Amino acid sequence: MEWDWNFAIKTLPVLGEGVLVTIQATVLGSVLALALGLVFALMRRSQNKLVSRPTSFFLEFIRGTPLLVQLYFLFFILPDVGILLSPLVAGVIGLGLHYATYTAEVYRAGIDNIPRGQWEASKAVNLTAPQTWQHIILPQAIPPMIPALANYIIAMFKETPLLSAITVLELMNQARSISNFHYRYLEPMTLVGVFFLLISIPSVYFLRRLERKYSPHYK
Amino acid sequence: MQHWFGYLQLIFEGALLTAQLTVLGCALALFMAIIAGLARMSKVKAISIAATCYIEFFRGTSIFVQLFWAYFVLPLVGIPVSPFLAGVLALGLNVGAYGAEVVRGAVQSIDKGQSEAALALNLTPYQRMRHVILPQAFVIMLPTFGNNAIELLKGTAVVSLISLADMTFQSQVVRAQTGSTAIPFLTILILYFMMAMVISRGIRALERHLSDGLDVTK
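Residues numbered from 1 in each chain as written. Chains lettered and ligands numbered in written order. Predicted model: local features only at pLDDT ≥ 70, side-chain atom pairs only at ≥ 80, totals over all residues. Heavy atoms only, no water.

Q: Quick question: what am I supposed to make of the overall build of chain A here?
A: From N to C terminus, chain A includes 8 helices and 0 strands. Along chain A, from the amino end to the carboxyl end, the secondary structure elements read α-α-α-α-α-α-α-α. Dimensions of chain A along its principal axes, counting C-alpha atoms only, are 70 × 50 × 25 Å. The 219 residues of chain A split such that 46% are buried. (Helix = DSSP H or I, 4+ residues; strand = E, 2+ residues; numbered from the N terminus. Buried < 20%, exposed > 50% of the residue type's maximum accessible area, 1.4 Å probe, protein only.)

Q: It is not clear to me how the overall build of chain B should be interpreted in this structure. Could you clarify?
A: What chain B contains, in helices and strands, is 8 helices and 0 strands. Along chain B, from the amino end to the carboxyl end, the secondary structure elements read α-α-α-α-α-α-α-α. With respect to the three principal axes, the spread of C-alpha positions in chain B is 70 × 45 × 20 Å. Going through the 218 residues of chain B one by one, you find that 48% of them count as buried. Of all intrachain contacts in chain B linking residues separated by at least 6 positions in sequence, the fraction that spans at least 24 positions is 76%. Put simply, chain B shows about 10,800 Å² of open surface, and 67% of that area lies on carbon and sulfur atoms. The average position of the 14 basic charges and that of the 10 acidic charges among the side chains of chain B differ by 4 Å. (Contact = heavy atoms within 4.5 Å. Areas by Shrake-Rupley, 256 points an atom, 1.4 Å probe, with all protein chains shown as cover. Lys, Arg positive; Asp, Glu negative; His and termini not counted. Charge placed at Lys NZ, Arg CZ, Asp CG, Glu CD.)

Q: Just to check I follow, could you spell out the packing of helix 5 (residues 112–120) of chain B against helix 6 (residues 125–155) of chain B for this structure?
A: The description of two helices packed together rests on the angle between their axes and the distance between the axes. Residue and element names in this part refer to chain B. Across the interface, helix 5 lies against helix 6 with an axial gap of 10 Å and an inter-helix angle of 160°. Regarding the angle of helix 5 to helix 6, the classification is roughly antiparallel. When you trace helix 5 past helix 6, the crossing you get is right-handed. Seen from helix 5, the contacting residues are Gln114, Ser115, Ala118 and Leu119; seen from helix 6, they are Arg128, Val132, Ile133 and Gln136. Here the residues of the contact of helix 5 with helix 6 sort into 4 nonpolar, 3 polar and 1 charged. (Axes fitted to C-alpha atoms, helices over the stretch in contact; angles between N-to-C directions. Parallel < 35°, antiparallel > 145°, perpendicular 65-115°, else oblique. Left-handed = near helix turned anticlockwise from the far one by under 90°. Nonpolar A, V, L, I, M, F, W, Y, C, P; charged D, E, K, R; others polar.)

Q: How do you make sense of the interface of chain B and chain A when you look at a structure like this?
A: When the parts come together, some accessible area is lost, and that loss is often what is quoted as the size of the interface. With 35 residues of chain B at the contact, the number on the chain A side is 38 residues. When chain B packs against chain A, the two sides together hide about 3,200 Å² of surface, and 75% of this comes from carbon and sulfur. Counting across the chain B and chain A interface gives 11 residue pairs in polar contact (both at pLDDT 80 or more). Those elements that place two or more of their residues in the side of chain B that touches chain A are helix 2 (45–60), helix 3 (63–72), helix 6, helix 7 (167–178) and helix 8 (182–210) of chain B. For the side of chain B that touches chain A, the element with the most residues is helix 8 of chain B, which contributes 10 residues. For the side of chain B that touches chain A, the residue count by class is 23 nonpolar, 7 polar and 5 charged. (Buried area = accessible area lost by both parts, 1.4 Å probe. Polar contact = N/O pair within 3.5 Å; in protein donor to acceptor, adjacent residues only side chain to side chain.)

Q: Sorry if this is basic, but what is going on with the side chain of Thr101(A) here?
A: Residue and element names in this part refer to chain A. Relative to the assigned elements, Thr101 resides in helix 4 (residues 87–112). Judged by its relative accessible area of 0%, Thr101 falls in the buried class. Setting aside its immediate chain neighbours within four residues, Thr101 contacts Leu59, Ile62 and Arg63.

Q: In this structure, what is going on with the environment of Arg176(A)? I would like to understand it.
A: Among the structural elements, Arg176(A) can be located in helix 7 (residues 171–182). Considered as a pair, Arg176(A) and Pro188(A) are 12 residues apart in the sequence and their alpha carbons are 7.5 Å apart. Once residues lying within four places of it in the same chain are set aside, the contact partners of Arg176(A) are Ser164(A), Met189(A), Phe64(B) and Phe68(B).

Q: Hey, could you run me through unusual backbone geometry in this one?
A: A negative phi holds for most residues other than glycine; trans holds for most peptide bonds. All names here are of chain A. At Asn126, a position not held by glycine, the phi torsion is positive, near 65°. With respect to the helices and strands, Asn126 occurs in the loop between helix 5 (116–124) and helix 6 (129–159). One non-glycine residue, Tyr183, lies in positive phi territory at about 55°. Residue position: Tyr183 is located in the loop between helix 7 and helix 8 (186–214).

Q: Sorry if this is basic, but what is going on with the packing of helix 3 (residues 67–77) of chain A against helix 4 of chain A here?
A: All names here are of chain A. Axis separation between helix 3 and helix 4 bottoms out at 9 Å; the angle between their running directions is 135°. Between helix 3 and helix 4, the crossing angle belongs to the class labelled oblique. Crossing handedness for the pair helix 3 and helix 4: right-handed. Where helix 3 approaches helix 4, its residues Leu67, Gln70, Leu71, Leu74 and Phe75 are matched on the opposing element by Pro87, Ala90, Gly91, Ile93, Gly94, Leu95 and His98.

Q: What is the right way to look at the pattern of salt bridges in this model?
A: Where charged atoms from two side chains of opposite charge come close, those side chains can pair. All names here are of chain A. In the structure shown here, the tally under the stated rule is 10 salt bridges over all chains. For Glu105, the salt bridge identified is with Arg44, shortest N-O distance 3.2 Å. Of this pair, Glu105 sits in helix 4 while Arg44 sits in helix 1 (residues 5–45), placing them 61 residues apart in sequence. A residue is classified by how much of its surface remains accessible, and Glu105, at 26% relative accessible area, is partly exposed. In this structure, the salt-bridge partner of Arg63 is Glu105, at a minimum N-O distance of 3.6 Å. In this pair, Arg63 is assigned in helix 2 (residues 49–63) and Glu105 in helix 4, connecting sequence segments 42 residues apart. A single salt-bridge network, built from bridges that share partners, covers Arg44, Arg45, Arg63, Glu105, Arg108 and Asp112. (Salt bridge = Lys/Arg side-chain N within 4 Å of Asp/Glu carboxyl O.)

Q: Would you explain the environment of Val31(A) in this entry?
A: Residue and element names in this part refer to chain A. Along the polypeptide, Val31 turns up in helix 1. Overall, Val31 belongs to the exposed group, its relative accessible area being 53%. Sequence-wise, Val31 and Gln134 are 103 residues apart; in three dimensions their C-alpha atoms are separated by 21 Å.

Q: Would you take a moment to explain the side chain of Arg59(B) for this structure?
A: Inspection of the secondary structure assignment puts Arg59(B) in helix 2. There is no salt bridge for the buried Arg59(B), and the closest opposite charge comes from Glu56(B), which lies 4.3 Å off by N-O distance. When residues no more than four places from it in sequence are discounted, the contact partners of Arg59(B) are Lys158(A), Ala97(B), Tyr98(B) and Glu101(B).

Q: Which parts of the structure should I look at to understand the packing of aromatic side chains?
A: Here the distance between the centres and the angle between the planes together describe a pair of aromatic rings. Evaluated as defined, the whole model comprises 23 aromatic pairs over all chains. An angle of 65° between the planes, with centres 6.1 Å apart, marks the rings of Phe157(A) and Phe195(A) as edge-to-face. With Phe157(A) in helix 6 and Phe195(A) in helix 8, this pair connects stretches of sequence that are 38 residues apart. Arranged with centres 5.1 Å apart and planes meeting at 85°, the rings of Phe57(B) and Phe58(B) form a pair that is edge-to-face. Three or more aromatic residues joined by ring pairs form one cluster here, namely Tyr183(A), Tyr185(A), Phe64(B), Phe68(B), Tyr71(B) and Phe72(B). The ring of Tyr205(A) carries the charged tip of Arg208(A) above its face, separated from the ring centre by 5.4 Å. Cation over ring: Arg175(B) sits above Phe76(A), and NZ or CZ is 3.6 Å from the ring centre. (Phe/Tyr/Trp six-rings, centres within 6.5 Å; stacked < 30°, edge-to-face > 60°. Lys NZ or Arg CZ within 6 Å of the ring centre and 35° of its normal.)

So, in structure tokens, the structure goes:
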């Protein structure tokens, strides 16, 4: 089968609509993953065993099971209990929840890496707990986390095609519908691959720059 | 109650396929990881560039995109692939690309003195790699390889979308036939989790076994 440039160009506007949904899902999913991950991390650090143990199990369970099945779970089960979500919202919740379990690990490591002396010194100069977090712990803990968090956001971006399985009309689903309609798979499928490479290869270099800027190993 | 037994059997058949895909995918991934990881460090420019292209290409897109490409496009250009083969190839090549970076990192972390000592003992480059560097580096790679294997296990769910009857596919069949959503999905979530536990426990045991007599792990 020969590559047909005319057909490839004809598919671009439709694929473009898919790209918009893909970007939407990635942005919303990242916001959710970054916020929820912090909540999970704090719950896991909790002194109360009744909070930290179940959280830890929940995180491990989500990390050990496929995102696709979790998406099905959200998409097919929530309507049964009376919660009607649009496919995109279900997808964003699925992506956000799945990657929150990864970002939680980043937050936890970042916070645990702050030397004990910093906490003790804060106490010694009589800072309150919010002051300690705001002025001492977070300013030191956040920069080393940035490359790792960015890494997971890029990973999430690459996983967005899974949303097509729950009927979200993102890039992959648009490509499939064009392919099925014209019975030509070569161009749309290849263009999807090219699109992801076009974004993720430059992002590797962007990540490396982030690492050089923030990671303690490079200093 | 009787009919649930039949459905459970369906899911177990799917679990078997999931396990097969995971094992074969991991074997291919391990092979690719070692080849590409070592090739990337080669002094011959052409080899290291080829390895870099492989790694960046497969890390740049997801298993899903690669699987669909392999399944729909390869037959069109005259390479017939069964869904199962497409699945193993996409999983193995994708995870192998991640593993290659792990291999490179681990090999580079081995103390230079080891290489120099092997050189002083007149070992050939192959012997140096095979008997001195890799046995030490492998222990460092293992924990990350374990995580990669779990990622591969999770990736197998995607093959259900190209009509392979794995665990996820069978749970959809059960859902369609019974109208029950919670039971089939919860069952396979638990099964996936148990498989992931088996992998992580197995890797930890292997790690303890292999690090005997080595001082690379603290």
